[in-house]
Amino acid sequence: MNLSAWSVTCLALSLIACDGNAVAVTGADEDRNEPAPVTVVLAGHVPSTPVAASATAQAAPVTGGPQPALRVPDPPFVSTEVARFDQPWAMTFLPDGRLLVTEKPGRLRLLNPATGQSGEITGVPAVAYGGQGGLGDVILHPRFADNGLIYVSYAESGTNSTRGAAVARARLVIDAGANGGHLEGLQVIWRQVPKVTGDAHYSHRLLFDAQGKLWISSGERQKGSPAQDMQSNLGKIIRLNDDGSVPADNPFASEGGAAAQVWSLGHRNVLGLAFDPAGRLWAHEMGPAGGDELNLIERGSNYGWPIVSNGDNYDGSPIPDHPTRPEFNAPEISWTPVIAPAGFIIYQADLFPYFRGRGFIGGLASQALIQVEFGDAPREVKRYPMGRRIREVEQGPDGAIWLLEDGADARLLKLTPNRG
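Residues numbered from 1 in each chain as written. Predicted model: local features only at pLDDT ≥ 70, side-chain atom pairs only at ≥ 80, totals over all residues. Heavy atoms only, no water.

K.L.:
Please provide a residue-by-residue account of the pairing of strand S22 (residues 359-363), values included.
P.N.:
Counting buried positions along S22 yields five of five residues, so the element is predominantly enclosed. Residue alternation in S22 divides its side chains into two sets, Gly 359, Ile 361 and Gly 363 and Phe 360 and Gly 362, and both sets are buried. Pairing of S22 with strand S23 (residues 368-373) involves five bridges; the strand directions are antiparallel. Paired with Gly 362 across the bridge in S23 is Leu 369. (Buried < 20%, exposed > 50% of the residue type's maximum accessible area, 1.4 Å probe, protein only. Helix = DSSP H or I, 4+ residues; strand = E, 2+ residues; numbered from the N terminus. Pairing = 2+ DSSP bridges.)

K.L.:
For the confidence of the model for the protein chain, give the residues involved together with the corresponding values.
P.N.:
On average, residues of the protein chain score 88 in pLDDT, and 83% of them are at 70 or above. Scored below 50 in pLDDT, residues 1-28 makes 89 contacts in the model with residues more than four places away or belonging to other chains. Under a pLDDT of 50 for its full length, residues 33-64 has, in the predicted model, 72 contacts with residues more than four places off or in other chains. (pLDDT = per-residue confidence, 0-100. Contact = heavy atoms within 4.5 Å.)

K.L.:
Tell me about the nonpolar core, and please be specific about residues and values.
P.N.:
Membership of the largest hydrophobic core comes to 26 residues, with the highest contact counts inside it found for Leu 100, Leu 108, Ile 150 and Leu 172. Elements that contribute at least two residues to this core include exactly strand S5 (88-93), strand S7 (107-111), strand S9 (135-140), strand S10 (149-157) and strand S11 (163-174). Sequence-distant contacts of Leu 172, that is, excluding residues within four places in its chain, are made with Leu 94, Leu 100, Ile 121, Phe 144, Gly 148, Ile 150, His 182 and Leu 183. One finds Tyr 202, Ile 238, Leu 240 and Val 262 within the second-largest nonpolar core, a separate group that totals 21 residues. (Core = buried A, V, L, I, M, F, W, Y, C linked by side-chain atoms within 4.5 Å.)

K.L.:
I'd like to hear about the packing of aromatic side chains, residue by residue, with values.
P.N.:
The description of an aromatic ring pair uses the distance of the two centres, along with the angle that the planes make with each other. Per the counting criterion, the structure on display carries twelve aromatic pairs. Here the aromatic rings of Trp 215 and Trp 263 are separated by 5.2 Å at their centres, their planes lie at 75°, and the arrangement is edge-to-face. Separated by 48 residues along the polypeptide, Trp 215 in strand S14 (residues 214-218) and Trp 263 in strand S16 (residues 262-265) bring together distant segments of the chain. Each member of the pair, Trp 215 together with Trp 263, is buried. Here Trp 215 and Phe 275 contribute two aromatic rings whose centre-to-centre distance is 6.0 Å and whose plane-to-plane angle is 75°, an arrangement assigned as edge-to-face. Of this pair, Trp 215 sits in strand S14 while Phe 275 sits in strand S17 (residues 270-275), placing them 60 residues apart in sequence. Trp 215 gets classed as buried once you look at its relative accessible area, which sits at 5%. (Phe/Tyr/Trp six-rings, centres within 6.5 Å; stacked < 30°, edge-to-face > 60°.)

K.L.:
Give a description of the sheet that holds S22 that names residues and reports values.
P.N.:
One open sheet holds the four strands; their spatial order is S21-S22-S23-S24, and the pairing between them is antiparallel. Strands with a single pairing partner mark the edges of an open sheet, and in this sheet they are strand S21 (341-346) and strand S24 (379-385). This sheet shows a mean twist of 20° between the axes of neighbouring strands, independent of strand direction. Two strands pair when backbone bridges link them, and S23 and S24 are joined in this way by six bridges, in the antiparallel orientation. Each bridged residue has a counterpart across the sheet, and for Ile 370 the counterpart in S24 is Arg 383. (Axes fitted to C-alpha atoms, helices over the stretch in contact; angles between N-to-C directions.)

K.L.:
Tell me about the side chain of Asp 137, and name the residues and values.
P.N.:
Structurally, Asp 137 is set in strand S9. Of the residues examined, Asp 137 reaches a relative accessible area of 3% and is grouped as buried. Among the polar contacts listed, one links the side chain of Asp 137 to the backbone nitrogen of Leu 206, at a separation of 2.8 Å. Those residues in contact with Asp 137 that sit more than four places away from it in its chain are Trp 89, Ala 90, Thr 102, Tyr 151, Val 152, Ser 153, His 204, Arg 205 and Leu 206. (Polar contact = N/O pair within 3.5 Å; in protein donor to acceptor, adjacent residues only side chain to side chain.)

K.L.:
Account for the pairing of strand S15 (residues 236-240), with residues named and values stated.
P.N.:
Buried residues dominate S15, accounting for five of its five residues. Judged by which residues are buried, S15 turns out to be covered on both faces: Lys 236, Ile 238 and Leu 240 on one side and Ile 237 and Arg 239 on the other are all buried. Looking at chain direction, S14 and S15 are connected through five bridges and run antiparallel. Residue pairing across strands places Ile 216 opposite Ile 238, the latter belonging to S15.

K.L.:
Please provide a residue-by-residue account of the sheet that holds strand S13 (residues 203-208), values included.
P.N.:
The strand order S13-S14-S15-S16 describes an open sheet built from four strands, whose pairing is antiparallel. The two strands at the open ends of the sheet, each matched to only one other strand, are S13 and S16. Adjacent strand axes in the sheet meet at a mean angle of 15° when their direction is disregarded. Sheet topology note: the S15/S16 ladder contains three bridges and is antiparallel. Paired with Ile 237 across the strands is Ser 264, a residue of S16.

Below, the structure is given as structure tokens:
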């Protein structure tokens, strides 16, 4: 069955937007975790009504043209603990099936999921650890099999107690017959400018596209106004060549300086980037007190922060909503109360055929895995309570969905289909 047919199949599920026992918060920053009732505000739609999990206990039939009817089990997956880490932030699979995992205090771990053996990759740059800062994302170069390059993001210290995100690349050298190794030829290819005080909203998510361009989410460092300042690369989504140089076809390339790096602006704290099968870029970001967002990222577009938001300031003072300023790009989905999104995939494997083309977002304060669908009216379709803050989501080589919990003694979980 082709992707289009699967999209029709998925629409037939009529899945529920929220489970009644999910947890949300009044503010979207990572360290907030007060429980609150859950509602979901969809762009251009009325809020969905939460229902009890028992209402969806019976598996929904799914048909696919001439194919035999499929049934989606409820729950659709079983969760298996594979390993534990100290404050993990991101992960990526190597071609041999092993897993690189970053730990925020500044360690890069190498895990063999098949054996449970783990070790450390040395040579990681020094990080400014504290608050939301430390070692962040890790991804492979698209031609990793040929050049061995990986990319890491992290918070680094500056002068006068300032900090900023940075991205470096290096060659990964793995010790023969061991789960360890080192980085060689480390080169910093991008930095946030300027460095500022504080230890929040670095964002620094990394992603390569099919053309080999590097995408970086650059948070506004909890300062607000830099997101609208084109002399700064804070509060922007950045597009670069793989060596850190600026592509000539970037929307503001002719302006030079920080502006030349920018693909879109007006962002707050983007902790998830993913391309859909059509090649469109999606990003989720944390709102303030309410107003978490899922955005379709468009060339040169301004998403409005801090001028507009569907949330309010933490002191209770209002921020104008997106409809008041139609010149700014409005979110496709917004959440109030928030989900505190972190980690993001758009599923494109066959192990879960009924998930093809669906998005999966990790929820920190919501302590859930949130499933969304796209199309003409993107929406949340299901929320799976996980009982712990979910920091990272990844699709494995065999199509399993992998999750990293947040914080100390955090579990690495492998989700596989429920065959029961």
